[in-house]
Amino acid sequence: MLRERIGFASQRWMELEVEARPGAGYGEKHPARLVQRNGYRERDWQTRAGTVELKIPKLRQGSYFPSFLEPRRMTEKALTAVIQEAYIQGISTRSVDDLVQAMGGTGISKSQVSRLCEEIDTRVDAFLHRPLEGDWPYLWIDATYVKVRQEGRIVSVAVIIAVGVNSDGRREVLGLDVGASEAEPFWKAFLRGLAHRGLRGVKLVISDNHSGIKAAVSKVLTATGQRCRVHFMRNALAHAGKRGKRVVAAFIATAFAQDTAQAAQEQWRRIADQLRPTVPKLATLMDTSEADVLAYMTFPLAHRTKLHSTNPIERLNHEVKRRADVVGIFPNEAAIRRLVGAVLLEQNDEWAVQRARYMPRDTLAEVVDPSHTELTVMAH
């Protein structure tokens, strides 16, 4: 009953709002009429009483959106803006066309899209260029790829994201950038940008084994690099064969189960020596990866479960990809920053209001430098 009443009231509300737009009542012929009605579009409205099916009135010129549904979430606005921009430029795919129709995008003008984009870009830019205060002992960096049109061609570009934990134990999205590839100069410029905004006190950088990331971290940040344990295991098990994967995984896991860094290193070397006669390539991989994979073991025990892999940022990348897949092909790089930036802004806001800290504040005391030494930024 409550859901039906909400539906009736909201439908009546929309009719009253849209009647003010044409300047005349529904079906009324009047010289003051400014625009004509053009049917309805259906939309589900999620409320606490359940899903309410709305029939939103459409206009032949311009667009109408119910005031009681505003403000829409930032990501929804960004996604709408990107789709509409692609639609106006005539480069949308059939799926994008369907989305525009579902959103009531017919009759959307360039000026309307421009105003919507400007509103989103202002907030996203302010978020991505805000000063970074305090120490950030832990930093996760990773990249995902999306498609964009450049000079008439469709190319893949890297979207790199940085997430950090501050001395208060809170997690925040620190930065975003878009580039042609994950080459060292790109990562170096990205990290320098974070440093210039105030990033300091970084003790551990968690990432995959990309050579560009490792080189940039060593040249820009005075921090230890942690190779994602999950990615390493995938590479390691590729050398084990189908039958030996479970046994090898169990062997290597015993090193991760140790309480101290020294014990983990000793166990790691024993496993490598045991595997050397039968799987020499895997043993060699373990020899060369020991320092990078076990770097997190030198940090507090309470933090290790969140430091050994890029899983915290992988989940964020998954959400970015889910939104990007709706667009398919972005019309330009500005559209990528707009949508991905909106996703990151929303996620950051959700983290900010969570009562529980990502890491206990008292356990970070032994990691944070009490002197607050400024982060060294090298010239080359």
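Calculation criteria
Residues take numbers from 1 onward in each chain, read along the sequence in its written order. With the structure being a predicted model, the display of local features is reserved for residues of pLDDT at least 70 and the display and counting of side-chain atom pairs for 80 or more, all residues being used for whole-chain, interface and lining totals. As a convention, hydrogens and water are excluded, and side-chain values are obtained from all of the structure's heavy atoms. Secondary structure elements are defined from DSSP: runs of H or I of at least 4 residues count as helices, runs of E of at least 2 residues count as strands, and each element is numbered from the N terminus. Throughout this description, a polar contact denotes any pair of N or O atoms lying within 3.5 Å of each other; where both atoms belong to protein, one of them has to be capable of donating a hydrogen while the other can accept it, and for residues adjacent in sequence the pair is counted only when both atoms sit in side chains. Nonpolar cores are built from buried Ala, Val, Leu, Ile, Met, Phe, Trp, Tyr and Cys residues. Side-chain atoms within 4.5 Å join them into one set. Relative accessibility thresholds used throughout: buried, under 20% of the residue-type maximum; exposed, over 50%; partly exposed, between the two (1.4 Å probe, protein chains only). Picture the helix axis, draw a direction to every C-beta atom, and the arc is the one those directions span. Working rule for contacts: check all heavy atoms of both residues, and any pair within 4.5 Å makes them a contact. Side-chain rings of Phe, Tyr and Trp (the six-membered ring for Trp) are treated as a pair once their centres are within 6.5 Å; stacked means planes under 30 degrees apart, edge-to-face means over 60, and tilted covers the remaining angles. The rule is short: NZ of Lys or CZ of Arg within 6 Å of the ring centre and within 35 degrees of the ring normal puts a charge over the ring.

For Thr 363, the position within the fold is in the segment after α13 (333–353). Reaching out from Thr 363, the side chain makes a polar contact with the side chain of His 303 at a distance of 2.7 Å. Within the structure, Thr 363 has its side chain in polar contact with the backbone oxygen of Pro 360 (distance 2.7 Å).

Turning our attention to the nonpolar core. One finds Tyr 138, Trp 140 and Ile 252 to be the most contacted residues of the largest nonpolar core, which totals 65 residues. Sort the elements by how many residues they give to this core and α13 lands first, with 9 residues. Residues Trp 136, Ile 141, Leu 191 and Leu 221 belong to the second largest nonpolar core, which totals 22 residues.

Further remarks concern helix α7 (residues 229–237). Of all the residues in α7, the buried ones are Arg 229, Phe 232, Met 233, Ala 236 and Leu 237. Along the long axis of α7, the arc covered by the buried residues comes to 125°, so they all point the same way. Check the buried side of α7 and you find it contacts β7 (224–227), α8 (241–256), α9 (261–275) and α10 (280–293).

What follows is about the packing of aromatic side chains. Under the defined criterion, the tally for this structure stands at 5 aromatic pairs. Where Tyr 138 meets Phe 299, the ring centres are 5.7 Å apart and the plane angle is 70°; that geometry is what we call edge-to-face. Placement of Tyr 138 in strand β3 (residues 138–150) and of Phe 299 in the loop between α10 and α11 (304–307) is noted, with a sequence separation of 161 residues between them. Considered together, Tyr 138 and Phe 299 belong to a single accessibility category, that of buried residues. Judged by centre distance (6.1 Å) and plane angle (80°), the rings of Trp 140 and Tyr 358 are edge-to-face. Taken together, the positions of Trp 140 in strand β3 and Tyr 358 in the segment after α13 put the pair 218 residues apart, joining distant regions of the chain. Overall, Trp 140 belongs to the buried group, its relative accessible area being 0%. Under the relative-accessibility criterion, Tyr 358 is labelled buried at 13%. Looking at Arg 229, its charged tip hangs above the ring of Phe 256, at a distance of 4.2 Å from the centre. If you follow Lys 306 out to its NZ or CZ, it ends over the ring of Tyr 358, 4.2 Å from the centre.

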